[in-house]
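# Chains, contacts and geometry: an overview
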Amino acid sequence: MRERHLQIIHRFRRIAVLTFAFAILSSSQVFAQSTYQDMDAGWWTSLEQQLTESAGSDVAEVRQNAIQHIIFFAENYDEFVNFDEAAYEIMGRFEKSEDVEERLLALVALSA
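Residues numbered from 1 in each chain as written. Predicted model: local features only at pLDDT ≥ 70, side-chain atom pairs only at ≥ 80, totals over all residues. Heavy atoms only, no water.

When two helices pack together, their arrangement is given by the angle between the helix axes and the distance between those axes. The interhelical angle for the contact between helix α4 (residues 60-76) and helix α6 (residues 100-111), taken along N-to-C directions, is 25 degrees, at an axis separation of 9 Å. One finds that α4 runs roughly parallel with respect to α6. You can see that α4 and α6 cross each other, and the crossing is left-handed. Two secondary-structure elements touch here, α4 through R63, Q64, I67, Q68, I71 and E75 and α6 through E101, E102, L105, V108, A109 and S111. (Axes fitted to C-alpha atoms, helices over the stretch in contact; angles between N-to-C directions. Helix = DSSP H or I, 4+ residues; strand = E, 2+ residues; numbered from the N terminus. Parallel < 35°, antiparallel > 145°, perpendicular 65-115°, else oblique. Left-handed = near helix turned anticlockwise from the far one by under 90°. Contact = heavy atoms within 4.5 Å.)

This is the structure in C-alpha cells:
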C-alpha cells in the first residue's frame, strides 16, 4: 500500500514538473516572436524535418525535447509550421508508452 502511494506521489511530481516546464516554454513566446518571425521558408522546412525526425528517436531525452519544441512552435507559429508527419509518431508514442510523462507530453503535442 505504501509503495503504491509513493508511486502516485512520484507520478504527480513528474506531471507537475512537466506542466511547469510547458508553462515556461510557453512564456518564452514574447522573446521568440521577435526572433523566429523573420526566418525564411527553408529554415521552417528544415525545422519541421529535424523535429519530426527527432520525435521518432530511440533516445528518450531527444524525443522529449523534440516534442516540447513541436508544442512550442505549433502553438506560437502555426502559420509557419506543419507537423502532420510528426503527429503519426507522436500518436504512436501516446498509444504505446507506459511512461505517464511521455503520454502527457504526447497528448499536449497532439492538441497543439
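Attention now goes to α6. For α6, which comprises twelve residues, the first-to-last C-alpha distance of 17 Å matches the rise-based estimate of 16 Å (1.5 Å per residue) to within 8%. Buried within α6 we find E101, E102, L105, A106 and A109. Down the axis of α6, the sector holding all buried residues measures 130 degrees, keeping them to one side. The N-terminus of α6 is capped by D99, whose side-chain oxygen sits 3.2 Å from the backbone nitrogen of E101. (Expected span 1.5 Å × (residues − 1). Buried < 20%, exposed > 50% of the residue type's maximum accessible area, 1.4 Å probe, protein only. Arc of directions from axis to C-beta. Polar contact = N/O pair within 3.5 Å; in protein donor to acceptor, adjacent residues only side chain to side chain.)

Right, let's get into the packing of aromatic side chains. The geometry of an aromatic ring pair is captured by two quantities: the separation of the ring centres and the angle between the planes. Summed over the entire model, instances satisfying the criterion amount to 13 aromatic pairs. Their ring planes at 90 degrees and their centres at 4.9 Å tell us that W43 and W44 sit as a pair that is edge-to-face. Note on W44: relative accessible area 3%, which makes it buried. Aromatic pair W43 and F73: ring centres 6.4 Å apart, planes at 70 degrees, arrangement edge-to-face. Pair noted here: W43 is in helix α3 (residues 41-55) and F73 is in helix α4, with a separation of 30 residues, a long-range link. With relative accessibility at 28%, the residue W43 sits in the partly exposed group. Chaining the aromatic ring pairs together yields one cluster made of Y36, W43, W44, F72, F73, Y77 and F80. Residue placement shows R103 over the ring face of F94; its charged tip is 4.6 Å from the ring centre. (Phe/Tyr/Trp six-rings, centres within 6.5 Å; stacked < 30°, edge-to-face > 60°. Lys NZ or Arg CZ within 6 Å of the ring centre and 35° of its normal.)

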